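Each chain, written out:
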Amino acid sequence: MTILIRDTIVVTGDDAGTIHFQGAVAIEGNRIAALGPTEELAARYPKAELVDGRNRAVFPGFANIHTHFVMTLARGVFEDLSPPHEPPFCGGLSPIPLPPLSPREQAVMCQLGALEAIRSGTTAVLEDASHIENYAQEMVDTGLRMVLAERSWDRIGTSIGDPAEFRRDPKLGQAGIDRIVKLHARWHGAGEGRIRVSVAAWAPDMCSPELLRELSALQKRLDTTCTIHLNQIWGEVAAVQAHHNMLPTEFLADLGFLNERVVAAHCRCMEPLEEKLLGKARVNVAFNSAIAARRGLSPRVCEMEQAGCNIGMGTDNMSEDMVEVARTGLFMERVRRKDGRNPTPEEALRWATRGGYKAMGWEDGGHLAPGSLADLIMIRLDRAHLAPFLRPVSVFIHQGQAADVSDVMVDGRWIMRDARVLTMDEARIVREAEEVSDRAWARLFAENPQYEKPAGFRPLPPAMGAGDAVAMHPVGGRPAPVGP
Ligand SMILES: [Zn+2]
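Residues numbered from 1 in each chain as written. Predicted model: local features only at pLDDT ≥ 70, side-chain atom pairs only at ≥ 80, totals over all residues.

Okay, the environment of Leu 390 next. Of note, Leu 390 is situated in the loop between β14 (376-380) and α13 (392-399). Judged by the 7 C-beta atoms lying within 10 Å of it, Leu 390 is exposed. Leu 390 sits 244 residues away from Met 146 along the chain, and the two C-alpha atoms are 33 Å apart. (Helix = DSSP H or I, 4+ residues; strand = E, 2+ residues; numbered from the N terminus. Buried ≥ 20, exposed ≤ 12 C-beta atoms within 10 Å, placed from the backbone.)

Below, the structure is given as structure tokens:
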């Protein structure tokens, strides 16, 4: 069956920046079959199912190449509790930890993240976490294209960004390796190939050289991608210098960890010599602009791109809004470079789409061309902030909002249509996420009186045990996928 989106504006995101006005897109199976003038494609595909594209524009879908869906739980909390940029460093990205969740609660928060991702026009996501097995089925059911990056580390007694002594537990590292191997065996290639499983190392200061060598070998053995947080905060730089007398990127390069299938997230607290090392190895960099801005840090993205890195974008914690990420990235680079013209909105769009697909190993996605993956979004143009729609890419990057996204297609299948997500019960998930959050934070503060609630925290119900929480939401309460 061919689908023909007609009478629309098609932003292809190709190298030439081609835009088809009064254009059409033909989709066959999970691929783009043709692009061009509506008259021509309507004649070529007379039996196609027609989609009215008037008052709409078609864009390639966004690729979010660094996120942790479960951390939606910390919305409104962690954004304002970043670690210091100066010593003394003591480890952790927030003085309050993320409350522990039951597997069922974890799945709900991850579905919430996936909902927001879809609503902001995301079609591909790299999810970095541990114990993804707990919610892998729910992720397949979202209809998103995903890289599930299961994480390993072997440092105990502290968290990222702590220059104190490195205490190693080889069993912890091995447990992570076992989880990666198991997740790969079970889920790599699931969802008709939409799902891939990747290796993840937490960060250079949370992994021993022995573990990083093993993970790099595992990446090669599984023939997959690999991701790591890199030069994320200044405490991490201090820690790697204390442990190895090297900068974090030097440390990874020295171990042979860097290659063109590695996604390095953040790359903010970094020396120019490290940017060159990344570029030389053709590493993919996740520019997580919105969280970077919230932390008061900025990577030198254009320099890394010039050095040879492929740039993609990610949301990282708490938000999954890629429209915001693309615009924030453009803003940050313009402020940093004191340049009112560069980067261009076309560059920001390329980072947020095609660059991300390339980083995830789908070089045939993130742009619209005959033969490329049918991962695309439609945005509504009958909106006050988008009119007049003179330059589609510029107007959407500068003025666009997640709520403008009306339709999302992944692998040739609609997962959102006319602003309704077809693959998940949105109302139930949002309601349950609020309940999960109340229970989890209430437990955390009741059991740990040393943690003070940040200003303005809402009243919480009396704390219940984790066992109660699981009983209230038994596994198997999964909604059946709706729609085509
Ligand atoms: Zn992260």
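Moving on, there is more to tell.
By the assigned domains, the protein splits into domain 1 (2-60 + 370-421) and domain 2 (62-359). One C-alpha centre belongs to domain 1, the other to domain 2; they are set 30 Å apart. At the level of secondary structure, the elements contributing two or more residues to the side of domain 1 that touches domain 2 comprise α13, β15 (405-410) and β16 (413-417). Examining the composition of the side of domain 1 that touches domain 2, we find that 4 residues originate from one element, α13, more than from any other. (Domains from an automatic or database assignment.)

Let us now look at the environment of Thr 2. Tracing the backbone shows Thr 2 in strand β1 (residues 2-11). Exposure remark for Thr 2: the 17 C-beta atoms within 10 Å place this residue in the partly exposed category. Here the alpha-carbon distance between Thr 2 and Pro 97, two residues 95 residues apart in the chain, equals 49 Å. For Thr 2, the residues in contact, after removing those within four places along its chain, are Ala 26, Ile 27, Glu 28, Ala 33, Tyr 45 and Ala 48. (Contact = placed C-beta atoms within 7 Å.)

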